[in-house]
Amino acid sequence: MFQKDVTEHPEFILRVPMDDNVTMGSGSVWVNFTLHYSQAFGNITSCWNGPSTTSTFFNTWDKTNDVRFYDDRIKSETGFNQGFLVGQQYGLDGTALEQRNGDPLVFVPEVNLTSSPENAGIRVVKFAPNPDTQDQFSSPNDVPIMRMSDVYLMRAEAELRMGDEASALADVNYLRSKRSAPGHTLPQYASLTLDDILKERGYELYWEGLRRQDLIRFGKFTEAWQEKPATDASKELYPLPQSAVDVNPNLTQNPGY
């Protein structure tokens, strides 16, 4: 469902259909805003070298047994290759790519928000690029708003919070069975905690815009992670626009702002 030009998929409940021939604005550029300048493809002359994921999240994955993770063994056997770019990067012709200063383009987990080199950060390619794309502001990858896997995980979370671990296990393990690849079965849970469900939501729904609210709901948002110190609970809320507060005496600014 994250490949280019998927006209329909049974797991989509609500999606925004996209077209590589129609300019849709920056919200539709899943790939080129994370790739390095030298990873241009199709008619894109330069990518933006922007967002990456944190090593804090990256290191939660079972990199040996989880077939949803990038794995050379699985790629060679089944063609499976989804998720993250780390290490030396190569062009479509197999040529080792370089940074603009001529150094090898090797993506590293380390990030310093004050002064990062251009190879810093683990890049995400969950939405597969179209190698023949014609416009840097268009994408053939549909935007998922709600998917069936999210429904299973929401139900499992509700079941576990109500004390019904057996039903939660059935939902999560069913989803994991659907994510297995030929010859590589995703291990099943024997027991389940809320932390397990939060991790599963990350593995299934990363790069889809749900993580902040998930971390708040599970009481994790104020914790420290890569390039973020522990923060006060007030940061679970955004500030009210000052222009709204100025004209409405019934509004009180949220604490901490």
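1. What about the overall build of the protein chain?
- Secondary structure assignment for the protein chain yields seven helices and six strands.
- In terms of principal-axis extent, the alpha carbons of the protein chain reach across some 55 × 55 × 35 Å.
- Restricting the contact set of the protein chain to residue pairs at least 6 apart, pairs at least 24 apart contribute 57%.
- Total accessible area on the protein chain stands at roughly 13,700 Å², and carbon and sulfur atoms take up 55% of it.

2. Thoughts on the packing of aromatic side chains
- For the coordinates displayed, the defined rule picks out 12 aromatic pairs.
- Ring centres of phenylalanine 2 and phenylalanine 127 lie 5.0 Å apart, and the angle between their planes is 90 degrees; this geometry places the pair in the edge-to-face category. Note that phenylalanine 2 is positioned in the segment before β1 (12–16) and phenylalanine 127 in the loop between β5 (123–125) and β6 (143–147), a separation of 125 residues in sequence. Here the two residues phenylalanine 2 and phenylalanine 127 agree in accessibility, since each one is buried.
- Between phenylalanine 84 and tyrosine 206, the ring centres sit 5.1 Å apart and the planes meet at 20 degrees, which makes this aromatic pair stacked.

3. A few points about the nonpolar core
- Of all hydrophobic cores here, the largest spans 17 residues; its most connected members are Trp30, Val31, Leu35, Phe41, Cys47, Leu85 and Val125.
- Core analysis: the second largest hydrophobic core is formed by 15 residues, Ala168, Leu192, Ile197 and Ile216 among them.

4. Details of the pattern of salt bridges
- Inspection of the entire model under this criterion finds 21 salt bridges.
- A salt bridge links arginine 147 to glutamate 11; the nearest nitrogen and oxygen atoms lie 3.8 Å apart. Linking arginine 147 in strand β6 with glutamate 11 in the segment before β1, this pair joins segments that are 136 residues apart in sequence.
- Judged by relative accessible area, which is 1%, arginine 147 ranks as buried.

5. Focus: unusual backbone geometry
- A positive phi angle is found at tryptophan 207, which is not glycine, with a value near 70 degrees.
- Turning to its location among the elements, tryptophan 207 is positioned in the loop between α5 (194–205) and α6 (211–217).
- The exposure class of tryptophan 207 is partly exposed, given its relative accessible area of 22%.
- Positioned with a positive phi, glutamate 227 is a non-glycine residue whose angle comes to about 65 degrees.

6. Overview of the confidence of the model for the protein chain
- Looking at the protein chain as a whole, the pLDDT averages 86, with 91% of positions reaching at least 70.
- Helix α2 (residues 72–78) is the least confidently modelled element of the protein chain, averaging 46 in pLDDT, while helix α3 (residues 148–161) averages 98, the highest of any element.
- Taken together, the stretch residues 76–80 has pLDDT below 50 and engages in 10 contacts with residues farther than four places along the chain or on a different chain.

7. A closer look at helix α4 (residues 165–178)
- Compared with an ideal rise of 1.5 Å per residue, which puts 14 residues at 20 Å, α4 spans 20 Å between its outermost C-alpha atoms and is within 8% of the ideal.
- Within α4, burial applies to Ala168, Leu169, Asp171, Val172, Asn173, Leu175 and Arg176.
- In this fold, the buried residues of α4 make contact with α3 and α5.

8. Overview of α5
- For α5, which comprises 12 residues, the first-to-last C-alpha distance of 16 Å matches the rise-based estimate of 16 Å (1.5 Å per residue) to within 8%.
- Of all 12 residues that make up α5, nine are buried, and the element is covered over most of its length.
- Within α5, burial applies to Asp196, Ile197, Leu198, Glu200, Arg201, Gly202, Tyr203, Glu204 and Leu205.
- Among the structural elements, α1 (55–58), β6, α3, α4 and α6 are those in contact with the buried residues of α5.
- Positive phi shows up at tryptophan 207, right after α5, with a value of about 70 degrees.

Rules of the game
Residues numbered from 1 in each chain as written. Predicted model: local features only at pLDDT ≥ 70, side-chain atom pairs only at ≥ 80, totals over all residues. Heavy atoms only, no water. Helix = DSSP H or I, 4+ residues; strand = E, 2+ residues; numbered from the N terminus. Contact = heavy atoms within 4.5 Å. Areas by Shrake-Rupley, 256 points an atom, 1.4 Å probe, with all protein chains shown as cover. Phe/Tyr/Trp six-rings, centres within 6.5 Å; stacked < 30°, edge-to-face > 60°. Buried < 20%, exposed > 50% of the residue type's maximum accessible area, 1.4 Å probe, protein only. Core = buried A, V, L, I, M, F, W, Y, C linked by side-chain atoms within 4.5 Å. Salt bridge = Lys/Arg side-chain N within 4 Å of Asp/Glu carboxyl O. pLDDT = per-residue confidence, 0-100. Expected span 1.5 Å × (residues − 1).

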